[in-house]
Amino acid sequence: MRIAVGQFNPTVGDFPGNRERILRQVAQARQQGADLAIFPEHALLGYPPRDLLHRPGFLDAADREFAAIVEASRDIAIVIGHIARAGTRPATKADPSAAAFGGDLLLHNAAFLLADGNVVGHQAKHELPSFDVFEEERYFTRGTEIVVLEWQGLRLGLSVCEDFWHEGGVLAAQAGAGVDLLINVSASPYFRGKPLLRYALARGWAERAAVPFAYANLVGGQDELVFDGGSFALRPDGAFLLSAPRFAEGLYLFDTAAPPVAPPRPDGMDCVREALVVGIRDYIEKNGIRGVVVGISGGVDSAVVAALACQALGPERVVGTFFPSPYTAAESAQEARYLARTLGIRWVEIPIEPIVASFSEALSSHIPVVGLTAENLQARVRGVLWMALANAMGYVVLSCGNKSEIATGYNTLYGDTVGALAPIGDLVKAEVYELAHLINAQAPCLLIPEGTLSRPPSAELRPNQRDDEDLPPYDVLDPIVRALVVENRSWDELTRSFDEGIARDVARRLRASEHKRRQFPLVLKVSPKAFGMGRRFPITHRFAG
């Protein structure tokens, strides 16, 4: 059987646009002789639609466009993720938040088989993820039935994303019932290392059922999530029949009787770079934004963000700024200007000393403008200038903070935290350096100057300031941040692995800066746990463990 996988990059709620692009891929699959075309979870709606599922008319609009996809199945079968309505349930009418926002809806997240212009059947998702960035129990009802759908004498086992990750349940029952093909449609966001987990699970299912396994995944950016695609198909012996590119939309074909193809490339920092580029590009393009402003300081964080922005949008849509103060080193100025010239971006340079002096004079009769107040005033002046430039051009600001700084609150609220998107906010400092070296290695010439990579990091808000005077050294800090934020390790585990005093200080900073992160730009997620929608801690609490 010849099968096409439509690795699809939808825009949430763009039903006419998503429908037309799906139909184009269906037509392409038909022209290339495919018997079956597979599209990912929520291909028509985009994922996650979140509370749009509760907006009046949203599901009606989705179903109207879905009818056109059903009609397109007259001479090619289609498997696609969509919503199945299952009626209503009793819900409180007294509480407005329940009565007006979908409290009585019964919806299934499902995989549909379409053929001959009809819905052959669907398999509802049983396991509804409600951890990290997922919140499906808020919107969907668990499926209760497990089906095997028949088409042209074949028995197909369909499943939706999370069911693939659980040992029993839908796939186990389908494998036990006897199928000719297992198909999983997914909207599985990327983090570094996740593709290998998918391959291992898929090999287990293919071997268990003794049939080929096909996996279709969304691709593209949606707010802080990036979907990597990487759709694939396996033979029962675990060899790959299809290995679609990561981070690339397209239609990819395979034959269930064909010889194996080369396995996917390793998942490393280059995949992280691609994820960040796609995340920037789709945030800007899908929101109709003209371009971005990047505050370039001469440091590695802003250099990496500027380089990623150019890869995502082209240098003509990137404005680099340099706002020196009396504490800005001459080397910083040289390296920032070099980067801008090499990238070929528009350059705006404004000394901030006169502006800071004016603010200080206005405040001085009321408060002493010294110490942290004076330092943060400089950062906030820069924030005002970035936002003014962005407003004037229809651009947005990209925040250049990294995960280690964000975790410890080593940033200025309404200063270097302003912006719409934080591309490297899920990379600890060592990973930023790793990415910087990769960018240089892949560029035709040296983009990020050696001085930027070798000089000690500094906020340059006071004379001779260095980050390692205000924070633990990054080679000490980064692992503690990972242990606290990504691994969620207990206090006992932390003290066994790290210096207790340093660990306690980092944990205190993490708690104390929660209010800053609530006002932080969206952070593109590339690790198992990023700051943002997947991490929900109270601002006000007294648990010190």
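Conventions adopted
Residues numbered from 1 in each chain as written. Predicted model: local features only at pLDDT ≥ 70, side-chain atom pairs only at ≥ 80, totals over all residues. Heavy atoms only, no water. UniProt positions renumbered as here; feature names shortened; annotations may be inferred. Disulfide = S-S within 2.5 Å. Buried < 20%, exposed > 50% of the residue type's maximum accessible area, 1.4 Å probe, protein only. 1 Å grid on protein atoms, 1.4 Å probe; cavity = no way out; pocket = protein on both sides within 12 Å on 5 of 7 lines; lining within 4 Å. Points joined across faces, edges and corners; volume = space filled by probe spheres on them. Helix = DSSP H or I, 4+ residues; strand = E, 2+ residues; numbered from the N terminus. Nonpolar A, V, L, I, M, F, W, Y, C, P; charged D, E, K, R; others polar. Core = buried A, V, L, I, M, F, W, Y, C linked by side-chain atoms within 4.5 Å. Contact = heavy atoms within 4.5 Å.

Identification of the protein chain as Glutamine-dependent NAD(+) synthetase from Candidatus Bipolaricaulis anaerobius is taken from an unreviewed UniProt entry. Taken directly from UniProt, the Catalytic activity (unreviewed entry) text for the protein chain runs: "deamido-NAD(+) + L-glutamine + ATP + H2O = L-glutamate + AMP + diphosphate + NAD(+) + H(+)".

Draft legend 1. Just the state of the cysteines, in detail. The final tally for this structure, using the stated rule, is 0 disulfides. Cys 310 carries a free sulfur, and the closest cysteine sulfur to it, the one in Cys 445, is 12 Å from it. On the basis of relative accessibility, which here comes to 11%, the residue Cys 310 falls in the buried class.

Draft legend 2. Geometry of the layout of surface pockets. Put simply, the second largest pocket is a space of about 420 Å³. Around the second largest pocket sit 21 residues that line it, and Leu 484, Asn 488, Arg 535, Phe 537 and Gly 545 are the ones nearest its centre. Mapped onto the lining of the second largest pocket, the elements with two or more residues apiece are α15 (474-486), α16 (491-497), α17 (500-512) and α18 (514-518). Of the residues in the lining of the second largest pocket, the class split is 11 nonpolar, 4 polar and 6 charged.

Draft legend 3. A look at the nonpolar core. If you look at the biggest cluster of nonpolar residues, it comprises 55 residues, and the most contacted ones within it are Leu 276, Val 292, Val 294, Val 304, Leu 308, Leu 435 and Ile 448. Among the elements that make up this core, the one with the highest residue count is helix α7 (residues 300-313) (11 residues). With sequence-adjacent residues up to four places away left out, Val 294 is seen in contact with Ser 302, Val 305, Ala 306, Val 318, Val 319, Gly 320, Thr 321, Leu 398 and Cys 400. Ile 22, Phe 66, Leu 251 and Leu 253 belong to the second-largest nonpolar core, a separate cluster that totals 35 residues.

Draft legend 4. Here's a closer look at empty space enclosed by the protein. Enumeration according to the criterion identifies 3 cavities of 30 Å³ or more in this entry. When its volume is computed, the largest cavity comes out at roughly 70 Å³. Forming the boundary of the largest cavity are His 42, Tyr 47, Pro 48, Pro 49, Arg 50, Leu 53, Val 133, Phe 134, Glu 135, Glu 136, Tyr 139 and Phe 140. Tallied by class, residues from the lining of the largest cavity come to 8 nonpolar, 1 polar and 3 charged.

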